[in-house]
Amino acid sequence: MDKKQSFTIPKFVWVLLIILVACILFLILVQIPFNQKIDKYNSDHASADAQIKIYKDYLARSKEVQASIVSMKKECEEKNKALTINADKTADDIRDMLKDLDYDLSSLSINERRPDSEGRVSATGDPLYVTTIKFSFISTEKKLIETLKYFESESDGSYFVSKIAVSEQEESEKGNDVSQQSVASADKLYVTSLEIQLYFFDMTKNQAIASGSSGASDSSGSSASSAA
């Protein structure tokens, strides 16, 4: 009879080894990376928790917040219409200038608006439009300078002067209709032709989307103060 006996490792030892290896792998692959990012996880959790509180607060005051939003949109639309110059308001803007400067136009034409050739839009996505205004008038040199100054710094609209032609009025053209202004000041009169472009943003589309209305007017717009 062979006295030699084979040595076998008990099964529970294998189980312990497998558990030990699994623990080591878990420590390397999971626990250590988790510990390294625990601060970020806590920060993200705090941020998410704060956002949830905001949402809960909004839900609790949803009707009040919605009413406030509607009111502010209405106020914004009213102010845009009252304070900005678009293609429909250009004639009124020029008439205001004439009233202040006290002289008459010889001619005035305002072309249909057209999209900006470069396809520019505002920060809120409103497309930029431009319309061309041509007009001529007779005035003194002082009034001419005041006219240009008006379009440059006083008007609510954003204008760009593209063409200007100035010539001294001939005595034969004056005839017997010499204005009291020219007689009183003894200044020379000049025949001036101006071609200017008005730039403005069309807010119709975004306002219609915001209000849920499809019948917004094409005349809505805002002064593109940075376009000229």
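Structure's up top.
Reading the values: rules and limits
Residues numbered from 1 in each chain as written. Predicted model: local features only at pLDDT ≥ 70, side-chain atom pairs only at ≥ 80, totals over all residues. Heavy atoms only, no water. Phe/Tyr/Trp six-rings, centres within 6.5 Å; stacked < 30°, edge-to-face > 60°. Buried < 20%, exposed > 50% of the residue type's maximum accessible area, 1.4 Å probe, protein only. Lys NZ or Arg CZ within 6 Å of the ring centre and 35° of its normal. Salt bridge = Lys/Arg side-chain N within 4 Å of Asp/Glu carboxyl O. Helix = DSSP H or I, 4+ residues; strand = E, 2+ residues; numbered from the N terminus. Axes fitted to C-alpha atoms, helices over the stretch in contact; angles between N-to-C directions. Left-handed = near helix turned anticlockwise from the far one by under 90°. Contact = heavy atoms within 4.5 Å. Nonpolar A, V, L, I, M, F, W, Y, C, P; charged D, E, K, R; others polar. Polar contact = N/O pair within 3.5 Å; in protein donor to acceptor, adjacent residues only side chain to side chain. Expected span 1.5 Å × (residues − 1). Arc of directions from axis to C-beta.

Engineer: What am I meant to see in the packing of aromatic side chains here?
Structural biologist: Each aromatic ring pair is specified by the distance between its two centres and by the angle formed by the two planes. By the definition in use, this model includes six aromatic pairs. Between Phe 34 and Tyr 41 the ring centres are 5.6 Å apart and the planes differ by 35°, which places this aromatic pair in the tilted class. Phe 34 sits in the partly exposed class, given a relative accessible area of 39%. Relative to Phe 137, the ring of Phe 135 lies with its centre 5.7 Å away and its plane at 25°, an arrangement referred to as stacked. When its relative accessible area of 2% is taken as the criterion, Phe 135 is described as buried. Put simply, the rings of Phe 135, Phe 137, Tyr 150, Phe 151 and Tyr 159 pair up and form one aromatic cluster. Over the aromatic face of Tyr 129 sits the side chain of Arg 113, whose NZ or CZ is 4.2 Å from the ring centroid.

Engineer: Can you walk me through the pattern of salt bridges in this structure?
Structural biologist: Side chains carrying opposite charge are able to pair once their charged atoms draw close together. Overall, the coordinates contain seven salt bridges when judged by the stated rule. For the salt bridge of Asp 49 with Lys 53, the shortest nitrogen-to-oxygen distance reads 4.0 Å. Within this pair, Asp 49 and its partner Lys 53 are both found in helix α1 (residues 11–60), separated by four residues, close to a single helical turn. For Arg 61, the salt bridge goes to Asp 57, with nearest N and O atoms at 3.0 Å. Note on Arg 61: relative accessible area 33%, which makes it partly exposed. Sharing partners across several salt bridges, the network here consists of Asp 116, Glu 118 and Arg 120.

Engineer: I'm lost on the packing of helix α3 (residues 90–101) against helix α4 (residues 141–154) in this one. Help?
Structural biologist: The relative placement of two packed helices comes down to the angle between their axes together with the axis-to-axis distance. Two elements in contact, α3 and α4, have axes whose closest approach is 11 Å; the angle formed by their N-to-C orientations is 140°. Between α3 and α4 lies a crossing whose hand is right-handed. For the pair α3 and α4, contact is made by Asp 93, Ile 94, Asp 96, Met 97 and Leu 101 and by Lys 143, Glu 146, Thr 147, Tyr 150 and Phe 151, respectively. Per-class residue counts for the contact of α3 with α4 are five nonpolar, one polar and four charged.

Engineer: I would appreciate a short explanation of the side chain of Thr 192 in the present structure.
Structural biologist: Inspection of the secondary structure assignment puts Thr 192 in strand β5 (residues 189–201). Residues contacting Thr 192, with those up to four places away along its chain left out, are Phe 135, Ser 136, Phe 137, Leu 144, Ile 164, Ala 165 and Val 166.

Engineer: Is there a simple way to think about the side chain of Ser 136 in this case?
Structural biologist: Along the chain, Ser 136 turns up in strand β3 (residues 128–140). At a separation of 2.7 Å, a polar atom in the side chain of Ser 136 contacts the side chain of Ser 107. In this structure, Ser 136 is in contact with Leu 105, Ser 106, Ser 107, Thr 192 and Ser 193, ignoring residues within four places of it in sequence.

Engineer: What exactly am I supposed to notice about α4 here?
Structural biologist: Because an α-helix packs 3.6 residues into every turn, residues spaced three or four apart end up facing the same way. Along its 14 residues, α4 runs 19 Å from first to last C-alpha, staying within 8% of the 20 Å computed at 1.5 Å per residue. The complete set of buried residues in α4 reads Lys 143, Leu 144, Thr 147, Tyr 150 and Phe 151. Considered in projection along α4, the buried side chains sweep an arc of 115° and stay on one side of the axis. Every exposed residue of α4 that faces more than 90 degrees away from the buried side is listed here: Lys 142, Ile 145, Glu 152 and Ser 153.

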